[in-house]
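# Chains, contacts and geometry: an overview
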Amino acid sequence: MIKAVLWDFGGVITSSPFESFNRFEEANGLPRDFIRSINSTNHENNAWAQLESSLISVDDFDIKFAEESRNLGYEIRGAQVLALLSGELRPEMVTALKIIRQRMKIGCITNNVKAGEGASMAQNAERAARMSAVFDLFDTVIESSKTGIRKPDPRIYQIACEQVCVAPENAVFLDDLGINLKPARALGMSTIKVLNSTQALDDLESLLKFPLR
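Conventions and cut-offs
Residues numbered from 1 in each chain as written. Predicted model: local features only at pLDDT ≥ 70, side-chain atom pairs only at ≥ 80, totals over all residues. Heavy atoms only, no water. Pairing = 2+ DSSP bridges. Helix = DSSP H or I, 4+ residues; strand = E, 2+ residues; numbered from the N terminus. Right-handed = clockwise from strand over helix to strand, strands pointing away. Axes fitted to C-alpha atoms, helices over the stretch in contact; angles between N-to-C directions. Parallel < 35°, antiparallel > 145°, perpendicular 65-115°, else oblique. Left-handed = near helix turned anticlockwise from the far one by under 90°. Contact = heavy atoms within 4.5 Å. Nonpolar A, V, L, I, M, F, W, Y, C, P; charged D, E, K, R; others polar.

### Some words on the pairing of strand 5 (residues 190–193)
In terms of strand pairing, strand 4 (residues 171–175) meets strand 5 through four bridges, oriented parallel. Directly across from Asp175, in strand 5, lies its bridge partner Lys193. Traced from strand 4 through helix 10 (residues 178–186) to strand 5, the parallel crossover comes out right-handed.

### Re the packing of helix 6 (residues 91–100) against helix 11 (residues 197–208)
Viewed as axis vectors pointing N to C, helix 6 and helix 11 meet at an angle of 15°, and their least axial separation amounts to 10 Å. One way to sum up the angle between helix 6 and helix 11 is to call them roughly parallel. Note on packing geometry: the crossing formed by helix 6 with helix 11 is left-handed. Of helix 11, the residues touching helix 6 (which contributes Glu92, Met93, Ala96 and Ile100) are Ser197, Ala200, Leu201, Leu204 and Leu208. Counted by class, the contact of helix 6 with helix 11 contains seven nonpolar, one polar and one charged residues.

Given below as structure tokens:
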């Protein structure tokens, strides 16, 4: 029986930062998905991983990311990437959150960084306020930048389950990255890979057995 729903934030509750990355790449004559290729190179210890775990500062990240991107053929400052992170809210997903929280616990597990304003890394106060209202819906929010642990480390899923007082086998986790779903499944969670909001809500409704729209 599902007793809690755990959510990624960027790319699930909001539009994917990958969309912003692609627009930046197109505007600057860079190969498509170049930024993602930097983040996936040495993905456990690169600048991105270190920043999400709060092992380096934003200023250090700016320099280190520039070095890593330059080594792969094109220099991009880390500060340029951070400005692309905060996506747009998906209203249908926010509606689903409001419906689910009336019946069971909901939590958020997000890999984020200490940049922008608040957990959403918003770039201005108005956007930060909108995002904050959504984060307030969750019973718990687990941020990599605060815990020092980032997905796909199994410990971050265990922390989330403890926070909402459910066993992993009684939780479902939604994320847009398969690499982040594997450890959740290994712990016993049901998982949904989010390709788009319609597909994700269809799959979640099938698990929960009640409408979300």
